[in-house]
Amino acid sequence: MGTLTLSASPLLWEQFLVGALDGEAGLRPELRSILPRWQRSRSLGAPSTGQPDEGPSVGGLALVERRAQLEPVWHELGGMLEMLSAAPLPSGRVALLADREGVILAMRSSGGDFTHHADYVRLVEGACWDEASRGTNAIGTALAESSAVAVVGPAHYAQRHHGLVCYAAPVHDPFGALVAVLDVTGPAGAADPLVLVAVASVAHAAEARLREVAWARVAAAARGGLESRLSREDGPVLVVEPMGRVSRVNAAARALLGAQGPMSVESALGVSWRALTDAALRGVALETRKGPAWRVHSEAVRTAEGGSALAVLVRLEPLGARAGHGARLEPVAGAESLAAAPSAAPTPASSSSWGMPPRPEAPARAAPERSGGAPHSPTRGLGPADTVAPPEPWAALKGNDPRHRATLREAERFAPTSLPVLLLSETGTGKELLARALHAASAVATGPFVAVNCGALSPALLESELFGHAPGAFTGARVGGAEGKLAAADGGTLFLDELVEMPPALQVLLLRVLEDGSYSRVGESRMRRTRFRLVGATCRDLDAAVRAGTFRSDLYFRLQGAVLRLPPLRERTDLPELAQALLARLAEEEGVATPGLSAAALARLAAHRWPGNVRELKTVLRLALVRAGGAPVLEVEALPPILGSVPVPAVAQAEPAPTPLVTPPALSAPREPGMSAAARPLRELEARAIQEALALSGGNVAQAARHLGIARSTLYRMAERFGITLPSRG
């Protein structure tokens, strides 16, 4: 994803308004970026002074419906808005999520004086911020150019917005369509280019997650067949995803293309994504003469819903080969049971489209193919394709913290049963990953995994989303009706996130479904039946909700088949291992070498409270990976400056003291009597980092604290805990 920063002076803006800059874009370098955007805003009729009143806005049921349409994206981005809105600024900032038309659907504020200004300029839910309404601004320009954008002060087209600095990045769905924009806005005096990097990184992470969810809807046989083709074919084979990103290659293609990092199919073969998908869906071969001459055979990978291609498998055949040889695409193992998505015209016999059947006639119990929400699919960047065995279901839940591993062992025991499961953990700890792992290790692993966020929809829309609705059941209902998530989850797993947010009336209906599988759609009386495995999750205190009467006790007791708790990150003892594992995965996604983490960087990570838990850690590491610029070791300077400014509570000390861990004497931290073996490596690293910082600073405590990125008082407390002697505070 490219990035663009737009800035201008008030004088330039005034000159533009009076026409003094027309025709000068090619003559003055400072105008090349901003002038075309201002001209586009003027041609769209945007007011240069800003909207005199509220401007275009959406409210009531229309806003609720827009949120419902964006529910899959909101499910991934909702928890990230709070983190992006946090700012070490007295004035604060706001984080926003807008749809593809620029309408703000959600807003989170860090507080401070800026909240009032945000309301004044209509940075509020329901306001429209496309370029036609507001002129050049981060949300509207990101939509117009499908690029991450920063707009600073007077670069805004409307004078009313000259006091703002806005950072926005588009979010694309798995098929390449732009569906949303993530934005962070604050006062212009607090501009920081690193915020744009953070926003773009979060948007990128959301896109990767949406791709994983989409791949999970592709049939297991098709995914396995794709992996088999990558490893078995002698000739060059590539997997291409929207919008032309080459995500996997086999050894022959790697040797041909010299693939060392991210690349597009257009740069590799001279074929556009549009031409490639069109050829795949029509079943025709293309020819390319970029470098050696090749015949390009393509096969579309689609989900059960059909429509656009989720990916295209490309097989290259030399043009000099015997005519017709290899032109017929070899069928994928297991594909004969797959239903191709419907299309307007018949698909030629020479093409193949991989999809997911609505309901297999007799699904055999297959080895799980999903690893806790990260399907073993070609979404992980360029890499060897000679290993096709899928990882075991729990592989995505990294770490060796004792409580974390105990939860996974308990989950592994419950997975093969039909018992409902409750996941009671803080936000960002990996509840959906655990839910997907439970599904992948269950007896319904070949069925669908359907996730619903109960807190993201209004009560009326949640009922329609879960139970479906009959044609014309309410204003705005789909003409043909809707089946609902209960029907979609039949034969698989239904994951209800934020379960405690479900209204009491729906709790009664859900209880009936759990009792006998019967339900009826909204607006009809005919009873329907469904069978699924239920996994519920919440970050709220469910016992307290039952006592308060907001969550029904009978439903609570019905769901108490198995209760699993993932520990929050601040209480885990395996932060170094987890951070390095996540960093390796992020580096693989970006197509770069995996850097190590310095002791100082690990100490900074250890000093942070992690309110967003593992989700926040992933975002911080993704940002640090960008800031490190390919360095072999990720130093503390690559981490966000405010990270670790508040010390984490002490690790619980409940286990007996084990055999001493052998470390170099000069770098050993004193062992506390109740400290576990797993907790000590992190404390050893913290002590090592403090001593290294003191050595580099010649014993200067203030300089050592700055090097570590923590407060001096924090350094004194940590040194006292480790028995390290520091100069007096005098």
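You'll find the structure just up there.
Description of the structure in this document. What you see is a predicted model; the values in this text were computed from it and never measured. Along each chain, numbering runs from 1 in the same order as the chain's sequence is written. Where totals are concerned, whole chains, interfaces and linings use all residues; where local detail is concerned, this predicted model gives features only for residues with pLDDT of at least 70, and gives and counts side-chain atom pairs only at 80 or more. Excluding hydrogens and water, the side-chain values take into account all heavy atoms of the structure.

With respect to the pairing of strand E11 (residues 311–318)
(1) Moving on: In terms of residue burial, E11 counts as a mostly covered element, since seven of its eight residues are buried.
(2) Moving on: Strands are labelled as partners when DSSP assigns at least two bridges between them. We count a stretch as a helix when DSSP gives it H or I for four or more residues in a row; a strand needs E for two or more, and each element gets its number in order from the N terminus. Bridging between strand E7 (residues 237–241) and E11 involves four bridges; their strand directions are antiparallel. Note that in E11 the partner of Leu238 across the bridge is Val314.
(3) Moving on: Sheet topology places strand E10 (residues 294–301) next to E11; eight bridges connect them, and they run antiparallel. Within the sheet, the bridge partner assigned to His297 lies in E11 and is Arg315. Exposed residues in this analysis have more than 50% of their type's maximum accessible area, buried residues have under 20%, and partly exposed residues fall in between, with area computed by a 1.4 Å probe over protein chains only.

Focus: the pattern of salt bridges
(1) Moving on: The working definition used for a salt bridge is a side-chain nitrogen of Lys or Arg within 4 Å of a carboxyl oxygen of Asp or Glu. According to the stated counting rule, one finds 24 salt bridges in the structure shown.
(2) Moving on: The residue Asp119 makes a salt bridge to Arg122 at a minimum N-O spacing of 3.9 Å.
(3) Moving on: Among the residues examined, Asp119 registers a relative accessible area of 44% and is labelled partly exposed.
(4) Moving on: Between Glu524 and Arg521 there is a salt bridge, with its nearest N and O atoms 3.2 Å apart.
(5) Moving on: Look at Arg521 and you get buried, because its relative accessible area is 8%.
(6) Moving on: Salt bridges sharing partners connect three or more residues here, namely Arg37, Arg40, Glu131 and Glu145.

Topic: the sheet that holds strand E3 (residues 104–109)
(1) Moving on: Taking strand neighbours across the sheet as the criterion, the six strands line up as E1-E4-E5-E6-E2-E3 in an open arrangement whose pairing is mixed. Taken across any chain shown, the strands that pair with only one partner, and hence form the sheet edges, are strand E1 (3–7) and E3. Put simply, the sheet's adjacent strands are angled 15 degrees from each other on average, direction ignored.
(2) Moving on: Sheet analysis places strand E5 (residues 164–172) next to strand E6 (residues 178–187), joined by nine bridges and oriented antiparallel. Across the sheet, Val171 pairs through a bridge with Ala180, a residue of E6.
(3) Moving on: We call two residues in contact whenever any of their non-hydrogen atoms come within 4.5 Å of each other. Helix axes are fitted to C-alpha atoms over the stretch in contact, other axes to C-alpha atoms as well, and angles between N-to-C directions run from 0 to 180 degrees. Packing against the sheet, helix H7 (residues 138–145) makes contact with E1, strand E2 (94–99), E3, strand E4 (148–152), E5 and E6, and its axis sits at approximately 150 degrees to E6.

Remarks on the nonpolar core
(1) Moving on: We define a nonpolar core as any set of buried Ala, Val, Leu, Ile, Met, Phe, Trp, Tyr and Cys residues linked to one another through side-chain atoms lying within 4.5 Å. By size, the foremost hydrophobic cluster in this structure holds 36 residues, and its most contacted members are Leu6, Trp38, Leu123, Trp129, Ile139, Leu164 and Val181.
(2) Moving on: It is H7 that contributes the most residues to this core, four residues altogether.
(3) Moving on: With residues up to four places along the chain from it excluded, the contact list for Trp129 reads Gly102, Ile104, Val121, Arg122, Leu123, Arg134, Asn137, Ile139, Gly140, His161 and Leu164.
(4) Moving on: Counting residues in hydrophobic clusters, the runner-up holds 33 residues, among them Val73, Leu81, Ala148 and Ala169.

Considerations on unusual backbone geometry
Across residues other than glycine, the phi torsion is negative in most instances, and most of the peptide bonds are trans.
(1) Moving on: Omega for the bond connecting Pro242 with Met243 falls within 30 degrees of zero, at -15 degrees, which places this linkage in the cis form.
(2) Moving on: Among the secondary structure elements, Met243 is positioned in the loop between E7 and strand E8 (245–249).
(3) Moving on: Of note in this structure, Trp610 is not a glycine but carries a positive phi near 55 degrees.
(4) Moving on: As for its position among the elements, Trp610 is in the loop between helix H21 (599–606) and helix H22 (613–628).
(5) Moving on: Residue Trp610 is classed as buried on the basis of its relative accessible area of 1%.
(6) Moving on: In this structure, Asn613 is a non-glycine residue whose phi angle is positive, near 55 degrees.

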